[in-house]
Amino acid sequence: MSLADPGPFAAPWEAQVFALVVSLRDAGLFTWPEWAQALGRAIRPEDDAEAPADYGRWLAALEGLLAERGIALADGVAERRDAWLRAAAATPHGQPIRLENDPLRG
Amino acid sequence: MAHDDHHGHPHGHAHGHAHDHAHGSELSPIEARVRALESILVEKGYVDPAALDALVEMYETKVGPHNGARVVARAWTDPDYRARLLADATPAIAELDIGGRGGEHMVVVANTPDTHNLVVCTLCSCYPWPVLGLPPVWYKAPPYRARAVSDPRGVLAEFGVSLPEATRIAVWDSTAETRYMVLPMRPAGTEGWDEAALAALVTRDAMIGTGLPRTPDAVAA
């Protein structure tokens, strides 16, 4: 392969999304055909043009599947996302960001 | 690699001053969404952080088109292997210790002087990861999904592949259950080459059908 080949992931979060999907499939939470259907829906929004099947759409498809199955509901995920954002803001630059750093954590 | 290493140094942060500890760290909205899902799934026991790290490492460093290139080179040098590969690809690929993650069934289609094969996934981006690694950006994009079917010759021209008018182009639509790979034709002038030398001619695009193998001249240049 050419040295210019950018590799499979453009950012660490893309690799994490990929690994989550493969792990959950391996754990039996969904099958590959179910995943392909979910991703196929995620890249075809009703009110917009067809989108690339990139890792942002993978994430949207995974969020949708996990919400549908009651494993991670949208409200809980949004709360947790905000907790991570607060934790990041409270973490000195260069230190690992941990959820425990969220100042509102009970 | 340690799990936190993925997250400890967020990309794209605005502050370049390593000593400026007055500023906190930043996560992009999408990074925060990924961490939210991951932390919930870990707490509930659906995923194991060590297994996630192992998967990432495998796909970043071990799995790639070089796997498929080994399959092609073996098929070019061993007619019995070629016959097994075209008859039932999944076990033939496994002979070379290249494994599926389960669920996917591989089909290998051979280019001939009469027929050129091209692979697409019109639904999303189904692709034989264990054999070719993860798909290139263009494979996942709507124009390729649409035009590989409606105008395959035009797509090939954009990739710099021009085929004789008489050559038929067969388009194969990958799904989650059946994933296709192209067995390109062995380039002329490679008589007597060993498998390793032949594998170096086999590009990712040649196994998707949007390219042809390198020629001995191109390698020597």
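Thresholds applied
- Numbering of residues starts from 1 in each chain and follows the order in which that chain's sequence is written.
- Numbering of ligands from 1 and lettering of chains from A proceed in the order in which they are written.
- A pLDDT threshold of at least 70 governs which residues receive local features in this predicted model, and a stricter bar of 80 or more applies before side-chain atom pairs are shown or counted, although totals over entire chains, interfaces and linings include all residues.
- Excluding hydrogens and water, the side-chain values take into account all heavy atoms of the structure.
- UniProt positions are given in the numbering used here, feature names are shortened, and annotations may be inferred rather than shown by experiment.
- Working definition: rings of Phe, Tyr and Trp (its six-membered ring) pair if their centres are within 6.5 Å, and the pair is stacked with planes under 30 degrees apart, edge-to-face with planes over 60 apart, and tilted otherwise.
- Secondary structure elements follow DSSP: runs of H or I no shorter than four residues count as helices, runs of E no shorter than two count as strands, and numbering proceeds from the N terminus.
- Each residue gets one of three labels from its accessible area relative to the maximum for its type: buried under 20%, exposed over 50%, partly exposed in between, using a 1.4 Å probe on protein chains only.
- Here an axis means a line fitted to C-alpha atoms, over the contact stretch when the element is a helix, while the angle between two N-to-C directions is reported on a 0 to 180 degree scale.
- The labels follow the angle: roughly parallel below 35 degrees, roughly antiparallel above 145, roughly perpendicular from 65 to 115, and oblique for the rest.
- Crossing handedness follows the turn of the near helix against the far one: under a right angle anticlockwise gives a left-handed crossing, and clockwise gives a right-handed one.
- A contact between two residues is defined here by any heavy atoms of the two lying within 4.5 Å.
- Residue classes follow a fixed rule: Ala, Val, Leu, Ile, Met, Phe, Trp, Tyr, Cys and Pro count as nonpolar, while Asp, Glu, Lys and Arg count as charged, and any other residue, Gly among them, counts as polar.

The name an unreviewed UniProt entry assigns to chain B is nitrile hydratase, from the organism Methylobacterium symbioticum. UniProt, in the comment section headed Catalytic activity (unreviewed entry), describes chain B in these words: "an aliphatic primary amide = an aliphatic nitrile + H2O". Looking at chain B in UniProt, the text filed under Sequence similarities (unreviewed entry) is "Belongs to the nitrile hydratase subunit alpha family."

Going by what an unreviewed UniProt entry lists, chain A is known as Nitrile hydratase beta subunit-like N-terminal domain-containing protein and is assigned to Methylobacterium symbioticum.

Caption draft 1: View of the packing of aromatic side chains. All names here are of chain B. With the rule as written, the count across this model stands at 18 aromatic pairs over all chains. Between the aromatic rings of Tyr127 and Tyr139, the centroid separation amounts to 4.9 Å while the plane-to-plane angle is 65 degrees, which identifies the pairing as edge-to-face. With Tyr127 in the loop between strand S2 (115-120) and helix H6 (129-132) and Tyr139 in the loop between H6 and helix H7 (142-150), this residue pair connects regions lying 12 residues apart in the sequence. Classification of Tyr139 as buried rests on a relative accessible area of 0%. Here the aromatic rings of Trp138 and Tyr144 are separated by 5.0 Å at their centres, their planes lie at 70 degrees, and the arrangement is edge-to-face.

Caption draft 2: Highlighting the packing of helix H4 (residues 74-89) of chain A against helix H1 (residues 29-43) of chain B. At a minimum axis distance of 8 Å, the contact between H4(A) and H1(B) shows a crossing angle of 115 degrees. The orientation of H4(A) relative to H1(B) falls into the category roughly perpendicular. As for the relative orientation of H4(A) and H1(B), their crossing is right-handed in sense. Each of Gly76(A), Val77(A), Arg80(A), Arg81(A), Trp84(A) and Leu85(A) in H4(A) lies in contact with H1(B), whose residues at this interface are Ala32(B), Arg33(B), Arg35(B), Ala36(B), Leu37(B), Ser39(B), Ile40(B) and Glu43(B). Class assignment for the residues of the contact of H4(A) with H1(B) results in 7 nonpolar, 2 polar and 5 charged.

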